[in-house]
Amino acid sequence: MIGYVTLGTNDLARAATFYDAIAGEMGIGRMMEFDSFIAWGEPGGGTGIAATQPFDGKEATVGNGTMVAIEAKDPAQVDRLYAIAMEKGGSDEGVPGPRGEADEQGNVFYAGYFRDLDGNKLNAFCYAKAP
Amino acid sequence: MPVVHVTFGTRDLERGEKFYDAIIAEFGGSRMMETEKARGWAFPEGGPSIGITLPYDGNEANVGNGTMFAIMGKDEDQVRRVHAAALANGGSCEGPPGLRENGFYAAYYRDPDGNKMNTFCMPGES
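Our subject in this report is the structure included herewith. Everything numeric in this text was worked out from a predicted model, so none of it was measured. (Residues numbered from 1 in each chain as written. Chains lettered and ligands numbered in written order. Predicted model: local features only at pLDDT ≥ 70, side-chain atom pairs only at ≥ 80, totals over all residues.)

The next subject is the overall build of chain A. Of regular secondary structure, chain A possesses two helices and eight strands. For chain A, the succession of helices and strands along the chain, N to C, is β-α-β-β-β-β-α-β-β-β. Relative to the globule expectation of 14 Å for 131 residues, the C-alpha radius of gyration of chain A, 15 Å, shows essentially globular dimensions. Along the first, second and third principal axes, the C-alpha set of chain A runs to 50 × 30 × 25 Å. When burial is assessed residue by residue, chain A has 45% of its 131 residues classed as buried. (Helix = DSSP H or I, 4+ residues; strand = E, 2+ residues; numbered from the N terminus. Rg over C-alpha atoms; globule rule 2.2 N^0.38 Å. Buried ≥ 20, exposed ≤ 12 C-beta atoms within 10 Å, placed from the backbone.)

This part takes up the nonpolar core. By size, the foremost hydrophobic cluster in this structure holds 62 residues, and its most contacted members are A:Val5, A:Ile49, A:Val68 and B:Phe69. When sequence neighbours within four positions are dropped, the list of residues in contact with A:Ile49 reads A:Val5, A:Tyr19, A:Ala39, A:Trp40, A:Gly41, A:Val68, B:Met1 and B:Val3. (Core = buried A, V, L, I, M, F, W, Y, C linked by C-beta atoms within 7 Å. Contact = placed C-beta atoms within 7 Å.)

A few words now on the interface of chain A and chain B. Listed per partner, the contact involves 36 residues of chain A and 34 residues of chain B. Secondary-structure elements contributing two or more residues to the side of chain A that touches chain B are strand E1 (2–8), strand E4 (48–52) and strand E5 (67–71) of chain A. Tallied by class, residues from the side of chain A that touches chain B come to 17 nonpolar, 16 polar and three charged. The pairing of E5(A) with strand E1 (residues 3–9) of chain B spans four bridges and is classified as antiparallel. Residue pairing for E1(B): A:Met67 is matched across the bridge by B:Thr7. (Nonpolar A, V, L, I, M, F, W, Y, C, P; charged D, E, K, R; others polar. Pairing = 2+ DSSP bridges.)

This brings us to the sheet that holds E1(B). The strand order across the open sheet formed by eight strands is E6(A)-E7(A)-E8(A)-E5(A)-E1(B)-E4(B)-E3(B)-E2(B), and the pairing between neighbours is mixed. Of all strands in the sheet, those bounded by a partner on one side alone are strand E6 (91–99) of chain A together with strand E2 (30–34) of chain B. On average, each strand axis in the sheet is inclined to that of its neighbour by 20 degrees, with strand direction left out of account. This element, helix H2 (residues 75–87) of chain A, spans E6, strand E7 (107–115) and strand E8 (121–129) of chain A of the sheet and lies at about 10 degrees to E7(A). Each of E2, strand E3 (38–42) and strand E4 (49–53) of chain B is contacted by helix H1 (residues 13–26) of chain B, which is oriented at about 0 degrees to E3(B), the strand it contacts most. (Axes fitted to C-alpha atoms, helices over the stretch in contact; angles between N-to-C directions.)

Attention shifts here to the packing of helix H1 (residues 12–25) of chain A against H2(A). Residue and element names in this part refer to chain A. It is the contact of H1 with H2, at a shortest axis distance of 10 Å, that shows an interaxial angle of 165 degrees. Accordingly, the angle class assigned to the pair H1 and H2 is roughly antiparallel. Here H1 and H2 pass one another in a crossing that is right-handed. Residue-level contacts link Ala21, Ile22 and Glu25 of H1 to Gln77, Arg80, Leu81, Ile84 and Ala85 of H2. Here the contact of H1 with H2 is composed, by residue class, of five nonpolar, one polar and two charged. (Parallel < 35°, antiparallel > 145°, perpendicular 65-115°, else oblique. Left-handed = near helix turned anticlockwise from the far one by under 90°.)

This part takes up the environment of B:Asp21. All names here are of chain B. Among the structural elements, aspartate 21 can be located in helix H1. The class of aspartate 21 is partly exposed, set by 16 C-beta atoms lying within 10 Å. C-alpha separation for the pair aspartate 21 and asparagine 102, spaced 81 residues apart in sequence, amounts to 29 Å.

Residues and elements named next belong to chain B. The terminal C-alpha atoms of helix H2 (residues 76–88) lie 18 Å apart, and with 13 residues this matches the ideal 18 Å at 1.5 Å per residue to within 8%. The complete set of buried residues in H2 reads Glu76, Gln78, Val79, Val82, His83 and Ala86. Considered in projection along H2, the buried side chains sweep an arc of 165 degrees and stay on one side of the axis. Where H2 is buried, its residues contact H1, strand E6 (92–99), strand E7 (105–110) and strand E8 (116–121). Two residues or fewer past H2, glycine 90 is found with a positive phi of approximately 95 degrees. (Expected span 1.5 Å × (residues − 1). Arc of directions from axis to C-beta.)

It is worth spelling out the packing of H1(B) against H2(B) at this point. Residue and element names in this part refer to chain B. Direction vectors running N to C along H1 and H2 enclose 170 degrees, while the axes themselves pass 9 Å from each other. Our classification of the angle between H1 and H2 gives roughly antiparallel. Contact residues: H1 offers Ala22, Ile23 and Glu26, while H2 offers Gln78, Arg81, Val82, Ala85 and Ala86. Classifying every residue of the contact of H1 with H2 gives five nonpolar, one polar and two charged.

Written out as structure tokens, the structure reads:
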């Protein structure tokens, strides 16, 4: 399984305030911390997310097509995660709402898309009963 | 974190799928999603799925410096096999299999689009 994913940052302290808040909403804290690298998650738990200064010492950049998707427990939490992202200086990539058609069980994909302060794209989503 | 899916951008889905079919097969996983613009693979033991996609904005895919997806291997042999499969299927080497300062046994590689990945395990598991 995927053990962890890293996203590049040009300002680790700034990234930390963003991910502390996002992880906090999910009830998760930091699991690893170095001068150039902070990871959020639970040891032995699910896949961790890390903000890191690039290994080559050059500027961090964003990959077009790269995205990390986080599963929320319900639409209200998707809304909260998106709001936290905006409040902490992230940017909008698609406001929270249902996407696509409901499946056979009447569940619809509900997601909000946003970027962190370095421009890395994330989404928070859940499956919810279609209104 | 409840990360459940990660995607990398690709400029060539066919080239990318050949690479990921080979890599994920080393973990016993398989392709679970196929659309006009994207492919996705799942791991047998669960955890996040991994996908490649033509970017949503229609512009060319590129690589983020600092971005890496790390896949847990079960032992050193598997780490070496995954790295070899990466190089045999259009990937490039970003650090050969071996012990790293952080205490892991790891190999670093890039997919055919240049996206960085690693496979790691605790040393001595082989």
